[in-house]
Amino acid sequence: MYFIKKQILKSLLIIAFIINSNSPAKAQVKNIDTINNGLLETVTIKENITTKQPIGKTLDVVALKREQMLRTQGNNLINTLEKLPGISSIPTGTGIAKPVIRGMSLNRVVVTEYGIKQEGQQWGMDHGLEIDQFNVERIEAIKGPMSVLYGSDGIGGVLQILPPSIPSINNFALEYLGNYKSNNNLWGSSVKLLYSTPKFYILARATYQDYASYKVPATQFTYNNYQLPIYNNRLKNTGGKELNGSLLLGIKRNWGNSSIYFSQYNQEAGFFTGAFGIPRAYQLTDDGQYRVVGLPKQMIQHTKLISNTTYFWKSNKIEIDLGFQYNKRQELSQPHAHGNAYVPTGNTALSLKLLTLSGNIRHQILGLNNWNITNGVQLQYQDNKISGFEFLIPAYQQNQIGLFNFTEYKASPSILINAGLRIDYAKQIIQEKYVYQYNQLGQTIDSSLRANATERKYWNFTGSMGLAWQFAPKQKIKFNVGTAYRIPSIAELGSNGVHHGTFRHELGNNALNPERGIMSDLGWHIHKTKWNFVLTPFVSYFQNYLYLRPTGRFSTLPEAGQVYQYSEAPAVFAGFEWSVDWKWFKNVSNDIAIEYVWNNNIQSNTPIPFTPPFSILEEITWEPQWKKSWLLPTHITLSGHYFAAQNRVDRNEPTTGDYFLIHLSAAQTFTVAKQKITLYFQVRNLTNTVYYNNMSRYRILNLPEQGRNMQVMLKWNFN
Amino acid sequence: MKKLNYLILTTLIAFTACKKDKQTNQDENVSIEILETNTPIVTEEICDHEENNVLKVISGNDLIIKMKLLSGASLSQYKVEIHNNYDCHGHETPPGLEWEYSNIVDLTGNDTTLSEKITIPEDAKSGNYHCVIRLVDKLGNEAEFVDFNIVVENKLDNEAPIITITDPNTDTFIIQKNTPFIIKGKVTDNLNLKFGSLEGELTWNQEPEFHIESLTTQFIDQDHTESEINHTIILPNSLKTGSATLVIRATDLYNNFGTKEIPVKVID
């Protein structure tokens, strides 16, 4: 607690100092409109978001516009969004990252694209989000309890990828993006084609990226008291490739609109050579093959077909979303026979094929004066198949259905109240799995049952309530409270295998109860002409938080360490986000975003692992306006990002020291006839600081993060 | 205004300068200390790298490791595991008579000194093995594990097989890329070639090697002491040209390996 108070005090001082240095009387405001526009572009959008979901009016929503995302583009979508307060990531190298909202990840964060929940084995720590970041035009993060609208898993919050807004005009547009990143020699291209008429549109995109192993500012790392080499500053085998394509077709009519979206995501990402098993010096010799993705590696293919329809009839609005997803995840590594197979069957250690069919129907009653009522049904069917010479999770089928009502009532011009209720039913069928051992002649000598045939059924009620009160001009207080509900994932029920790199034998527990709790948050929003202030503290209590706990017993499996079992324990999460931004003087603005998460397993009095540390992001942006018509405003941002030490760690989790990173970004657009050319330049980790990220999958190997990264990107638009 | 500013700035610097030294619960430290081994810990070259944690043993004998196990909370178990590392963890060889050892022992108290006696079976194959010793307490805290390289010499047979090449028998063998050529000869062993294998590769001084797939042969599953070499090889066009060394390696039943090096010149 002393630690928290110190950090809060530090932030208060930083703000006080900066405010004090720039009294408003000194600011010269010549062209308010231009400055206002500039400000909205650089700060996180707070007030005027029209989220697809009605719940957004009381919960805290943060977002980035596409231009902002391009200006400070990271390695992948989640890495780009990390600067938003309350959003973090769990990365595995540069290609893979998982979203974290207020310290919660895995199956507690829902990512939706065009209304359909992304299903890609999110329970896995090194399973990244399978979305092409070039294809994201609008995205918003809604923090807080979303169980009413999303059912199970909507606990930490939702990352919503919204369809692009296509104006109903005759238009033909082309976009080409080409980028290069120096730290991992990434070359990428993304091409977009748009053709629209007032009643129809077609949008196609293709992206390709190829990158080498990334560079770190260190030539060795220490693991278990051994000094191991990092030759040429390159982390061996951390390169990758990505090839994605998407097609969106839509029609607009008097009765509403409908669209069909097809997307294909393909990624090949290498794992650091020393990440599987105990790293040894002779494995890490430099072969100069920085771009070749060798073993061990991940290969992911994610195919999606989504249909969205909005239908207006009298005073009813009906929305139907249908989705088909096929996620194929493969982990390839050198086979470890250990008597399991006479002849190692190729390099596929683990292959998971997940088919998900989803359907959402929402009905909204329009025209009621102060009321807004939405009713909805959500269905999901899932089938998972497994193969490979290793076993981690069983094959299964899962069906879910949820019914909800969400009602909004405007009690007065300044008071908005909302409430939601939901009922869910879910059924899981887990198939049993025997793993056989063979002798050299191919005869079965032993078998072991690794998964029991299990059937689980769940019923649940969830509720939430929200309030938004404008108690003064330009000031609002928001409050939300809701029950949290999450059915245990198949991994939590039926895992039974060794997770390479951690040596942990991860064991499920098929008697786990669904995770239940109560979550609440507050929001204090002030939006003035020249400055904005948002403070959002939150607190959640879980009766039974499910996660892996060390059992204190070793696994009898070969090359396996301790058995970690999925268990339940009461837990608390608390924290806040605090962002302030203001205009200094002509064309210069300042943004500060602070975030903090504190959690605790009440039973064992230990923190929950992989908790993001306290951080402060300070950005100064200069947007000079030019008098030439072909020269659009320039955007230059200098940012300093401070991460505090993370000493609140779980058993066997290492502590991580604090670090400070400096980034610089600049963007300039030129207009020539119907064309727009934009140049983006970025330097990340300007000072080439050596630092460790406690959230990284590679933290346990004491591997430092990326060194200085210079990025250039060219965008060419033709309309 | 300015004075206030200065005050704020100095307080801020004071805060930042303050180092946070909160360590995780010191009372839960778990550790393994190796006190004694019945064979000395030496430094040897393992997989072309110098390793300083090597224990050399002869099959049929015991390896005894004496260790002190400590923990703040109550001790739970230790685990000793040994598995082969013949191919430097490439894991390409199928399992056979490879010796594997795994022992998990329950513990009590906070402080124990004990000896782990590992009997290496007489027919354990020669070669490099990895030994890992782990310790965990009742709360689940893990000690930093102890890691050894164990080099086993098979007692029954420590003689390597001998490779004789009859064709080519020139001083420097010229190989044209993309053209088939035949290697003839034989492998002889003092004891048994059963379950052994033949392998070959091209090396250019310090440059990466090229593994010759067509030479890879598993010897027959019956007791025998002589095996014929009569292999046709085609080297691909993508290969480097110049002076190289053709290295042929054969292993016998107990994983003793013999090599034969033939200087070659690769041409287009």
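This section reports on the structure supplied with the text.

How each quantity is defined
- Residues numbered from 1 in each chain as written.
- Chains lettered and ligands numbered in written order.
- Predicted model: local features only at pLDDT ≥ 70, side-chain atom pairs only at ≥ 80, totals over all residues.
- Heavy atoms only, no water.
- Helix = DSSP H or I, 4+ residues; strand = E, 2+ residues; numbered from the N terminus.
- Buried < 20%, exposed > 50% of the residue type's maximum accessible area, 1.4 Å probe, protein only.
- Contact = heavy atoms within 4.5 Å.
- Areas by Shrake-Rupley, 256 points an atom, 1.4 Å probe, with all protein chains shown as cover.
- Disulfide = S-S within 2.5 Å.
- Polar contact = N/O pair within 3.5 Å; in protein donor to acceptor, adjacent residues only side chain to side chain.
- Pairing = 2+ DSSP bridges.

Regarding its fold elements, chain B presents 1 helix and 18 strands. Counting over 268 residues, chain B shows a buried share of 46%. Pairs at least 24 apart in sequence give 73% of the contacts found in chain B among residues at least 6 apart. By element, 48% of the accessible surface of chain B is carried by carbon and sulfur atoms, the whole surface being about 14,000 Å².

Attention now moves to the state of the cysteines. Per the counting criterion, the structure on display carries 0 disulfides over all chains. The cysteine B:C131 is free of any disulfide, with B:C47 supplying the nearest cysteine sulfur at 16 Å.

Turning next to the side chain of A:K143. Residues and elements named next belong to chain A. Assignment of secondary structure puts K143 in strand β6 (residues 138–143). A polar side-chain atom of K143 sits 2.8 Å from a polar atom in the side chain of D60. Reaching out from K143, the side chain makes a polar contact with the side chain of E577 at a distance of 2.9 Å. With residues up to four places along the chain from it excluded, the contact list for K143 reads L59, D60, V62, P85, G86, I101, R102, G156, G157, D521 and E577.

Here we take up the sheet that holds strand β4 (residues 109–113) of chain A. Two strands in a sheet stick together by hydrogen bonds in their backbones, pointing the same way (parallel) or opposite ways (antiparallel). Residues and elements named next belong to chain A. Pairing is mixed across the open sheet formed by 5 strands, whose spatial order is β1-β6-β7-β4-β5. The strands lining the two open edges of the sheet, one partner per strand, are β1 (60–65) and β5 (116–117). Looking at chain direction, β4 and β5 are connected through 2 bridges and run antiparallel. Residue pairing across strands places T112 opposite K117, the latter belonging to β5.

Residue and element names in this part refer to chain A. Residues L295 and P296 are joined by a peptide bond in cis, for which omega reads -5 degrees. Within the secondary structure layout, P296 lies in the loop between β14 (256–270) and β15 (297–313). The backbone of E559 sits at a positive phi, close to 55 degrees, despite the residue not being glycine. Inspection of the secondary structure assignment puts E559 in the loop between β28 (531–554) and β29 (562–585).

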